[in-house]
Amino acid sequence: MSWETLIYWMTHVQEGSWATFRGAVARLAGDDADLDTISRGLRVFLSDFGHADFFIGGSQRWRVLPPVLGGLISPAGSAVTTGGRSPKLMADLVEGVAAHGCRVVSDAGDHRPALIRIDGEQPGLAAAAAVAGVPYVDQFADVVCGSIDPLT
């Protein structure tokens, strides 16, 4: 089973209810699956890796975040894909990666979509993202942390 189908579907519809998310998970997981555990694990993964927001404003809704190629602090010369993704976006990114001396590392999991990392020099990462039509954000963690209001 490929959980990529789930993230592609989510990207296509952009937003929905928790019930529609669980329904999609149920169709992909099959009859014998522990739907609560799998749905919860997928929600955590998709949220933690910046693909989607869930329970927005205390609601029962989710939404996909815009795609970004986010530069990592470690390992240096690496970036991860976040936000929505589609087969076309991934094909364009792979094309850009190949043209700019980078490489794709895909870490697929049993109960989650793949974590996709791009390794290469910063100019190549930025150029690969441009080919795919997504922003490249160097030092992505710094940018994300800078947008969070600290607790007093």
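This is a predicted model, so every value here is computed, not measured.

Details of unusual backbone geometry
For step 1, the next point in the chain: The phi dihedral of Q14 falls on the positive side, at around 75°, and the residue is not glycine.
For step 2, the next point in the chain: Topologically, Q14 is positioned in the loop between α1 (4-13) and β1 (15-17).
For step 3, the next point in the chain: Phi at F55 is positive, roughly 55°, even though this residue is not glycine.
For step 4, the next point in the chain: In this fold, F55 is placed in the loop between β2 (52-54) and β3 (61-64).
For step 5, the next point in the chain: Looking at F55, the relative accessible area reads 30%, which means it is partly exposed.

Overview of the sheet that holds strand β8 (residues 136-137)
For step 1, the next point in the chain: Overall, mixed pairing links the 5 strands, which are arranged β6-β7-β5-β4-β8 in an open sheet. Looking at strand neighbours, the two that pair on one side only are β6 (103-109) and β8, the edges of this open sheet.
For step 2, the next point in the chain: Direction of pairing for strand β5 (residues 78-82) relative to strand β7 (residues 112-119): antiparallel, over a ladder of 3 bridges. Within β7, the residue paired with A79 across the bridge is I118.

Some details on α1
For step 1, the next point in the chain: Every buried residue of α1 is accounted for by E4, L6, I7, M10 and T11. Viewed end-on, α1 has its buried residues packed into an arc of 160°, placing them on one side of the element.
For step 2, the next point in the chain: Tucked inside the fold, the buried residues of α1 contact β1, α2 (18-29), α3 (35-48), β2, β3 and β7.
For step 3, the next point in the chain: Once α1 finishes, Q14 follows within two positions and takes phi at roughly 75°, a positive value.

Concerning the environment of Q139
For step 1, the next point in the chain: Counting through the fold element by element, Q139 comes out in the loop between β8 and α6 (140-146).
For step 2, the next point in the chain: Given a relative accessible area of 30%, Q139 falls into the partly exposed group.
For step 3, the next point in the chain: A C-alpha to C-alpha distance of 28 Å links Q139 and H12, two positions 127 residues apart in sequence.
For step 4, the next point in the chain: What Q139 contacts, discounting residues up to four positions off in sequence, is G71 and I73.

Regarding helix α4 (residues 87-99)
For step 1, the next point in the chain: The terminal C-alpha atoms of α4 lie 18 Å apart, and with 13 residues this matches the ideal 18 Å at 1.5 Å per residue to within 8%.
For step 2, the next point in the chain: For α4, the full list of buried residues reads L89, M90, D92, L93, G96 and V97. All buried residues of α4 fall inside an arc of 160° around its axis, so they share one side. Seen from the buried face of α4, the exposed residues on the opposite side, beyond 90 degrees, are K88, E95, A98 and A99.
For step 3, the next point in the chain: Where α4 is buried, its residues contact α1, β5, β6, β7 and α5 (122-132).
For step 4, the next point in the chain: Where α4 terminates, the next one or two residues include G101, which has phi positive at roughly 70°.

Some thoughts on the side chain of D92
For step 1, the next point in the chain: When you line up the elements, D92 lands in helix α4.
For step 2, the next point in the chain: The buried category is assigned to D92, whose relative accessible area is 18%.
For step 3, the next point in the chain: Among residues more than four places away in sequence, those in contact with D92 are V131 and A132.

Here's the deal with the packing of α4 against α5
For step 1, the next point in the chain: Closest axis-to-axis distance for the α4/α5 pair is 7 Å, and the angle between their directions is 145°. Taken as a pair, α4 and α5 cross one another with a handedness that is right-handed. Residues L89, D92, L93, E95, G96 and V97 of α4 form the contact with α5, whose participating residues are A128, A129, V131 and A132.

Calculation rules
- Residues numbered from 1 in each chain as written.
- Predicted model: local features only at pLDDT ≥ 70, side-chain atom pairs only at ≥ 80, totals over all residues.
- Heavy atoms only, no water.
- Helix = DSSP H or I, 4+ residues; strand = E, 2+ residues; numbered from the N terminus.
- Buried < 20%, exposed > 50% of the residue type's maximum accessible area, 1.4 Å probe, protein only.
- Pairing = 2+ DSSP bridges.
- Arc of directions from axis to C-beta.
- Contact = heavy atoms within 4.5 Å.
- Expected span 1.5 Å × (residues − 1).
- Axes fitted to C-alpha atoms, helices over the stretch in contact; angles between N-to-C directions.
- Left-handed = near helix turned anticlockwise from the far one by under 90°.

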